[in-house]
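Observations on the model geometry
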Amino acid sequence: MSNDNLQTRAIEGNDSGAFTDLRKILAAQLIGGAGFSASVAATMSDRGVFQAQKAYEAGQDGTSTPDMVEDLIDRNASHVSVWVSQHGAELCEKGGLAVGTAVGTYLAAWCPAALPVCQKIGQVCGRALGKVGTVLIDKGIKKITQCAKSLWQKAKETAGKIKEKIFSFFS
């Protein structure tokens, strides 16, 4: 099966199997051709195919553009949430190590053994913070997503009211 046929089935035909196959092919090309990691390639291919599908739907008559915006908000929030769950703990651990190194470097002037001890303490604290922090960040992402959706709803309502006033003014 050609890529063109697969793209047509995934985007125009809204075929979920073709959508999945297309994402896999794009991810494989990003890994092999561009050298991206598997998680980055998967996210990029999913985002690209999903946005292309939503752009196609937006161009069709009878589709609900406001619902598409909410779908895009949800999809992007999901990508951020997955990235944080995969990398958040590691980043916190590295941050803790950096703080431990800074404190240890300062204390090493008085006690040379302070550097490795402070580094280890910082790393352990960062690891512990990472386990809790990723859960809290994920909850924050969900709250921000809901806020973005409610702002979108308010913008739609306000635009509708303005449109009604304009039409009633000219009627």
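This write-up is about the structure you can find in this document. Quick caveat, the model's predicted, so the values are computed rather than measured.

Along its length, helix α5 (residues 114-170) shows its largest kink, about 30°, at Gly-130. Within α5 the residues assigned to the buried category are Ala-114, Cys-118, Gly-122, Gly-126, Gly-130, Gly-133, Thr-134, Ile-141, Thr-145 and Lys-149. Summarising the contacts, the buried residues of α5 are in contact with α4 (65-107).

Next up on the list: the environment of Ala-52. Following the sequence through the fold, Ala-52 ends up in helix α3 (residues 38-59). In this structure Ala-52 comes out as partly exposed when scored by relative accessible area, which is 31%.

So, on to a nonpolar patch on the surface. Taken together, the side chains of Val-99, Val-103, Tyr-106, Leu-107 and Trp-110 make up a nonpolar region of the molecular surface, amounting to roughly 550 Å² of accessible area. As for its placement among the helices and strands, Leu-107 is situated in helix α4. Classification of Leu-107 by relative accessible area gives partly exposed; the value is 33%.

So, about the environment of Leu-97. Within the secondary structure, Leu-97 is located in helix α4. On the basis of relative accessibility, which here comes to 31%, the residue Leu-97 falls in the partly exposed class. The contacts of Leu-97, once residues within four sequence positions are left out, are Gln-119, Gly-122 and Gln-123.

Thresholds applied
- Residues numbered from 1 in each chain as written.
- Predicted model: local features only at pLDDT ≥ 70, side-chain atom pairs only at ≥ 80, totals over all residues.
- Heavy atoms only, no water.
- Bend = angle between axes of the 7 residues up to and from the residue.
- Helix = DSSP H or I, 4+ residues; strand = E, 2+ residues; numbered from the N terminus.
- Buried < 20%, exposed > 50% of the residue type's maximum accessible area, 1.4 Å probe, protein only.
- Contact = heavy atoms within 4.5 Å.
- Patch = residues over 30% accessible without salt bridge, like charges linked within 9 Å, V, L, I, M, F, W, Y side chains within 5 Å.
- Areas by Shrake-Rupley, 256 points an atom, 1.4 Å probe, with all protein chains shown as cover.
- Salt bridge = Lys/Arg side-chain N within 4 Å of Asp/Glu carboxyl O.

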